[in-house]
Amino acid sequence: DAGITQSPRHKVTETGTPVTLRCHQTENHRYMYWYRQDPGHGLRLIHYSYGVKDTDKGEVSDGYSVSRSKTEDFLLTLESATSSQTSVYFCATTLGRGEAFFGQGTRLTVV
Amino acid sequence: GENVEQHPSTLSVQEGDSAVIKCTYSDSASNYFPWYKQELGKRPQLIIDIRSNVGEKKDQRIAVTLNKTAKHFSLHITETQPEDSAVYFCAATDQGAQKLVFGQGTRLTINP
């Protein structure tokens, strides 16, 4: 597997608290993505990055923000977590010419 | 932006039979179409992909076809085996923006 690590792997948080998920890669891939996976909805793109400090919104970006201050790290922040953001979050990276590699996933529960 | 629709959402076939999963996309600029397999509790992994300059690609029991005019692409699995049971995702992206968008997924069950 490509060197993509997500942290934390599991998190339980309370409604209204901020949460940050981290994706770290050692592959020097230019493109990085955050998806959420929910039953019946597949993998929905939240935000993606096409370079350091270059990010764009996906289809379900409301309530989420991202930052990429260096190539290897892509952070996803839930400014004020809600129960609807309970999900499994996947980070992915690509060189931009083909295969995307996924992290192990983060299971987030908002209570 | 790109929208990818995938059907069916669930598919059950007898071991040894063939399975077909279909996807449509909306953005004519998309030119790369990968398929991913996700086993229970694991991360998605690429199984096959196709680019827009090719109509068909095959890798052992797996094949993918692309119809650019109709904006359709399909995954074909022949001689299905129990280990083919998983969730399969199609995706589309263009080589410029690299905005990788996935379909909703198909849960494939192979019955012995």
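Data block above holds the structure.
Keep in mind that what you see is a predicted model, and the values were worked out from it rather than measured.

A. Representation of the sheet that holds strand E7 (residues 62-67) of chain B in the model. All names here are of chain B. Strand order in the open sheet formed by 5 strands is E1-E3-E8-E7-E6, with antiparallel pairing between adjacent strands. Looking at which strands have only one partner, the edges of the open sheet turn out to be strand E1 (4-7) and strand E6 (56-59). Direction aside, neighbouring strands of the sheet carry axes that sit 15° apart on average. The pairing of strand E3 (residues 19-25) with strand E8 (residues 72-77) spans 6 bridges and is antiparallel. Pairing of threonine 24 across the sheet is with histidine 72, part of E8.

B. Structural context of the pairing of strand E3 (residues 19-25) of chain A. All names here are of chain A. What you see with E3 is a clean split: Val19, Leu21, Cys23 and Gln25 sit on the buried side and Thr20, Arg22 and His24 on the side with no burial. Across 6 bridges, E3 lies against strand E8 (residues 73-78) in antiparallel orientation. Its bridge partner being in E8, threonine 20 is matched across the sheet by threonine 77.

C. The arrangement of the interface of chain B and chain A in detail. If you look at the interface, chain B gives 20 residues, while chain A gives 25 residues. In this assembly, chain B and chain A are joined by 0 salt bridges. Counting every contact that joins chain B to chain A gives 8 residue pairs in polar contact (both at pLDDT 80 or more). Among the elements of the structure, strand E4 (32-38), strand E5 (45-51) and strand E10 (101-102) of chain B are those that each provide at least two residues to the side of chain B that touches chain A. In terms of residue class, the side of chain B that touches chain A is made up of 9 nonpolar, 7 polar and 4 charged.

D. Main features of the pattern of salt bridges. Residue and element names in this part refer to chain B. With the rule as written, the count across this model stands at 8 salt bridges over all chains. With a closest N to O distance of 2.8 Å, aspartate 49 and lysine 57 form a salt bridge. With a shortest N-O distance of 2.9 Å, aspartate 84 and arginine 61 are connected by a salt bridge. Of this pair, aspartate 84 sits in the loop between E8 and strand E9 (86-92) while arginine 61 is found in the loop between E6 and E7, placing the two residues 23 residues apart along the sequence. Since its relative accessible area comes to 22%, arginine 61 is described here as partly exposed.

E. Spatial organisation of the environment of Ile46(A). Residues and elements named next belong to chain A. The residue isoleucine 46 is located in strand E5 (residues 42-51) in this model. Judged by its relative accessible area of 0%, isoleucine 46 is buried. In this structure the C-alpha to C-alpha distance between isoleucine 46 and serine 61, which are 15 residues apart in sequence, comes to 4.7 Å. If we skip the residues at most four places from it in the chain, isoleucine 46 touches Trp34, Tyr35, Arg36, Lys57, Gly58, Val60, Ser61, Tyr64, Leu76 and Tyr89.

Reading guide: rules and limits
- Residues numbered from 1 in each chain as written.
- Chains lettered and ligands numbered in written order.
- Predicted model: local features only at pLDDT ≥ 70, side-chain atom pairs only at ≥ 80, totals over all residues.
- Heavy atoms only, no water.
- Pairing = 2+ DSSP bridges.
- Helix = DSSP H or I, 4+ residues; strand = E, 2+ residues; numbered from the N terminus.
- Axes fitted to C-alpha atoms, helices over the stretch in contact; angles between N-to-C directions.
- Buried < 20%, exposed > 50% of the residue type's maximum accessible area, 1.4 Å probe, protein only.
- Contact = heavy atoms within 4.5 Å.
- Salt bridge = Lys/Arg side-chain N within 4 Å of Asp/Glu carboxyl O.
- Polar contact = N/O pair within 3.5 Å; in protein donor to acceptor, adjacent residues only side chain to side chain.
- Nonpolar A, V, L, I, M, F, W, Y, C, P; charged D, E, K, R; others polar.

What is shown is where atoms sit, not what they do.
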